[in-house]
Amino acid sequence: MSARKAIKAMGLFGGVQVVTILCSIIRTKLVAVWIGPMGVGLFALFNQALETLNTATNLGMRQSSVRDISQAAEQGDQSHISRIITVVRRWSVWLALGGALITMVLAPALSRFTFGDTEHIWGFVALAGAVFLMALTNGEYAILQGTGRLRRLASVTVWGTITGLIISVPLFYWLRERSILPSIIAYALACATFAFVFRNRDYRPAQVTRSETYTTGKSFITLGIYMTAGAFVTLLANYIFAAWLNLHAGTDTVGYFQAGNTLVNKYTALILAALGMEYYPRLARIADNHDGLRANVTQEISVALTAIAPIAALFILLREPIISILYTDHFHVVADMVAWGAVGSVFRTLSWCIAFVILAKGAGRIYLITESISAVLYLVLNIACYNLWGLTGLGIAFLVWYVAYTMIVWLVYVRTFNLRLGAATAGYTVWALLVTVSVMLLVFHGATLLAAAVTVASIIISVVQARRLWKN
């Protein structure tokens, strides 16, 4: 049953992710063609700053409140669900205002740290508007996900993304470099607008005092603070590395890195984000069920690796034409980086399925520790591997990073929670690695036709396996 739910969610949000990625591809392609590598670099730096600020000021409420909402929905108490939703919306407003204010105060420091000057202060002040809008949007996203309104959440994401792109296109054409910030703000505004239009109105607002708002929200805010700290150190490491790369190798190199990083992460996110919309609330509802957790994690790994292996192989095989289509021929320097990163996506998928147990259990301190270790590894590996092998080294760093992270979360899963992975996990992992590594080695040695045959075979095997999981 869990496999069938996972496949249904993957179908629904896989379509959403396809639309999101296509819009992102078009947006990035236009920036690359009309503005060039510098535009891609600027776009990456401001977006990473936005993600870092949003993570730091939103206190992890986007995910932590999903846990409380889904557990309340499982109990079926309508008044309790209404109270939780009211509290989430109030905290969203408070965090939105606080995040915008903090961004404006930090604008001079952010400009100096990112660009080494004070010429971009007003750019970061303008970014405060996007921080405000994203906080409001995250609250509505959490409510829709926690209450199981996944189709409505899918509609919000699709229409917000498409509208943001439509607004951005003329900005890119007419304003060129000056369009970067307006386009980011326009996207945030579009998402916030549709989040309000499609918000969950099935539960009437509850009468909750300010003190009750604080008390009720304390559980998910406490967990959220740990989640924020954990996610923040990861984003901060990414931000620090981008800034380091900008200062040591130039904005063009940041653009190349961002292009390769996007290719490595986006196709994996296509599967993981789709699965996570249903997987996380499901784990939260059975967080105290030892056998249920073990069975659901094993089943999720089976579904995720079944889907990710042929996609990763396809990306390795077609990485050069994909780069030409999505960017320009100048970006072919990241082709090998993408290949190594595709192999790393196997471990990213495996660790992702296991790590959600930490959140479902509400183990905030453990989450913070694991993410902090991961962030340090990411930063150290990226700098070391870039110095050794350039852009290709960043793909190798991605692989090594996720191998290490998988070991970390597996140790927590086994020793802290006393859980075990099912016997099928090893088989699916070995199969996915055999597919991706063999395709990469064949492509590197010029055996393209044989690599294509392996890729086609992996697609057929995945389809057959998905049908078997569905029936069982």
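It should be emphasised that the depicted structure is a prediction, and the values quoted were computed from it without experimental measurement.

### Topic: the overall build of the protein chain
Alright, step 1. The number of helices and strands found in the protein chain is 15 helices and zero strands.
Alright, step 2. Scaling as 2.2 N^0.38, a compact globule of 472 residues should have a C-alpha radius of gyration of about 23 Å, and the protein chain matches this with 22 Å.
Alright, step 3. Across its three principal directions, the C-alpha atoms of the protein chain cover 65 × 60 × 35 Å.
Alright, step 4. Taking all 472 residues of the protein chain together, the buried fraction comes to 56%.
Alright, step 5. Long-range pairs, those at least 24 residues apart, make up 85% of the contacts in the protein chain with a sequence separation of at least 6.

### A word on helix α4 (residues 78-115)
Alright, step 1. The largest bend in α4 comes to about 55°, at Ala 107, with the proline Pro 108 one to four residues further on.
Alright, step 2. Directly beyond the C-terminal end of α4, a positive phi value near 75° is found at Gly 116.

### Regarding the pattern of salt bridges
Alright, step 1. Taken as a whole, this structure holds six salt bridges when the rule is applied.
Alright, step 2. Residue Arg 282 is joined to Glu 278 by a salt bridge in which the shortest nitrogen-to-oxygen separation is 2.6 Å. With a gap of four residues between them, Arg 282 and Glu 278 both fall in helix α9 (residues 251-285), about one helical turn apart. Across this residue pair, the class does not change: Arg 282 and Glu 278 are buried.
Alright, step 3. Among the ionic contacts, a cluster of salt bridges with common partners joins Arg 89, Glu 140 and Arg 199.

### With respect to the packing of aromatic side chains
Alright, step 1. All told, the structure shown has 23 aromatic pairs when counted by the stated rule.
Alright, step 2. Ring centres of Phe 241 and Phe 257 lie 5.1 Å apart, and the angle between their planes is 80°; this geometry places the pair in the edge-to-face category. Placement of the pair is Phe 241 in helix α8 (residues 210-249) and Phe 257 in helix α9, with a sequence separation of 16 residues. Comparing Phe 241 with Phe 257, the two get one shared label, buried.
Alright, step 3. Ring geometry for Trp 352 and Phe 356: centres 4.9 Å apart, planes at 90°, overall edge-to-face.

### Side note on the packing of helix α10 (residues 290-317) against helix α14 (residues 424-444)
Alright, step 1. Contact pair α10 / α14: the axes reach a minimum separation of 9 Å and the direction vectors enclose 5°. When the axis of α10 is compared with that of α14, the two are roughly parallel. Across the interface between the two elements, Thr 298, Ile 301, Ser 302, Leu 305, Thr 306, Ala 309, Pro 310, Ala 312, Ala 313, Ile 316 and Leu 317 from α10 touch Ala 424, Thr 425, Tyr 428, Thr 429, Trp 431, Ala 432, Val 435, Thr 436, Val 439, Met 440 and Val 443 from α14.
Alright, step 2. Classifying every residue of the contact of α10 with α14 by side-chain character gives 16 nonpolar, six polar and no charged.

### Topic: the environment of Gly 15
Alright, step 1. Position of Gly 15 among the secondary structure elements: in helix α1 (residues 2-34).
Alright, step 2. For Gly 15, a relative accessible area of 34% puts it in the partly exposed group.
Alright, step 3. Taking C-alpha positions, Gly 15 is 10.0 Å from Ile 271, a pair spaced 256 residues apart along the chain.

### Observations concerning unusual backbone geometry
Alright, step 1. We note that Leu 59 has phi near 55°; this positive angle belongs to a residue other than glycine.
Alright, step 2. Looking at the element boundaries, Leu 59 is found in the loop between α2 (37-57) and α3 (61-75).
Alright, step 3. Despite not being glycine, Asn 418 shows a phi value in the positive range, around 55°.
Alright, step 4. Relative to the helices and strands, Asn 418 resides in the loop between α13 (364-416) and α14.

### With respect to the side chain of Ser 65
Alright, step 1. Locating Ser 65 in the fold gives a position in helix α3.
Alright, step 2. The class of Ser 65 is buried, set by a relative accessible area of 0%.
Alright, step 3. Within the structure, the side chain of Ser 65 is placed 2.4 Å from the backbone oxygen of Met 61, a separation counted as a polar contact.
Alright, step 4. Here Ser 65 is in contact with Val 88, Ala 142 and Phe 220, once residues within four sequence places are set aside.

### Notes on a nonpolar patch on the surface
Alright, step 1. A contiguous nonpolar patch, built from Leu 101, Ile 102, Met 104, Val 105 and Leu 106 and spanning about 450 Å² of accessible area, is present on the exposed surface.
Alright, step 2. Classification of Ile 102 by relative accessible area gives partly exposed; the value is 40%.

### Quick look at the side chain of Ser 374
Alright, step 1. Within the secondary structure, Ser 374 is located in helix α13.
Alright, step 2. Excluding anything up to four places from it in sequence, Ser 374 contacts Trp 401 and Tyr 405.

### A word on the packing of α14 against helix α15 (residues 448-471)
Two numbers describe a pair of packed helices, the interaxial angle and the distance between the axes.
Alright, step 1. Contact pair α14 / α15: the axes reach a minimum separation of 8 Å and the direction vectors enclose 160°. It follows that α14 is roughly antiparallel to α15 by the angle criterion. The element α14 and its partner α15 pack so that their crossing is left-handed. Each of Tyr 428, Trp 431, Val 435, Ser 438, Val 439, Leu 442 and Val 443 in α14 lies in contact with α15, whose residues at this interface are Thr 448, Leu 450, Ala 451, Val 454, Thr 455, Ser 458, Ile 461, Ser 462, Gln 465, Arg 468 and Leu 469.
Alright, step 2. Taken together, the residues of the contact of α14 with α15 sort by class into 11 nonpolar, six polar and one charged.

About the cut-offs
- Residues numbered from 1 in each chain as written.
- Predicted model: local features only at pLDDT ≥ 70, side-chain atom pairs only at ≥ 80, totals over all residues.
- Heavy atoms only, no water.
- Helix = DSSP H or I, 4+ residues; strand = E, 2+ residues; numbered from the N terminus.
- Rg over C-alpha atoms; globule rule 2.2 N^0.38 Å.
- Buried < 20%, exposed > 50% of the residue type's maximum accessible area, 1.4 Å probe, protein only.
- Contact = heavy atoms within 4.5 Å.
- Bend = angle between axes of the 7 residues up to and from the residue.
- Salt bridge = Lys/Arg side-chain N within 4 Å of Asp/Glu carboxyl O.
- Phe/Tyr/Trp six-rings, centres within 6.5 Å; stacked < 30°, edge-to-face > 60°.
- Axes fitted to C-alpha atoms, helices over the stretch in contact; angles between N-to-C directions.
- Parallel < 35°, antiparallel > 145°, perpendicular 65-115°, else oblique.
- Nonpolar A, V, L, I, M, F, W, Y, C, P; charged D, E, K, R; others polar.
- Polar contact = N/O pair within 3.5 Å; in protein donor to acceptor, adjacent residues only side chain to side chain.
- Patch = residues over 30% accessible without salt bridge, like charges linked within 9 Å, V, L, I, M, F, W, Y side chains within 5 Å.
- Areas by Shrake-Rupley, 256 points an atom, 1.4 Å probe, with all protein chains shown as cover.
- Left-handed = near helix turned anticlockwise from the far one by under 90°.

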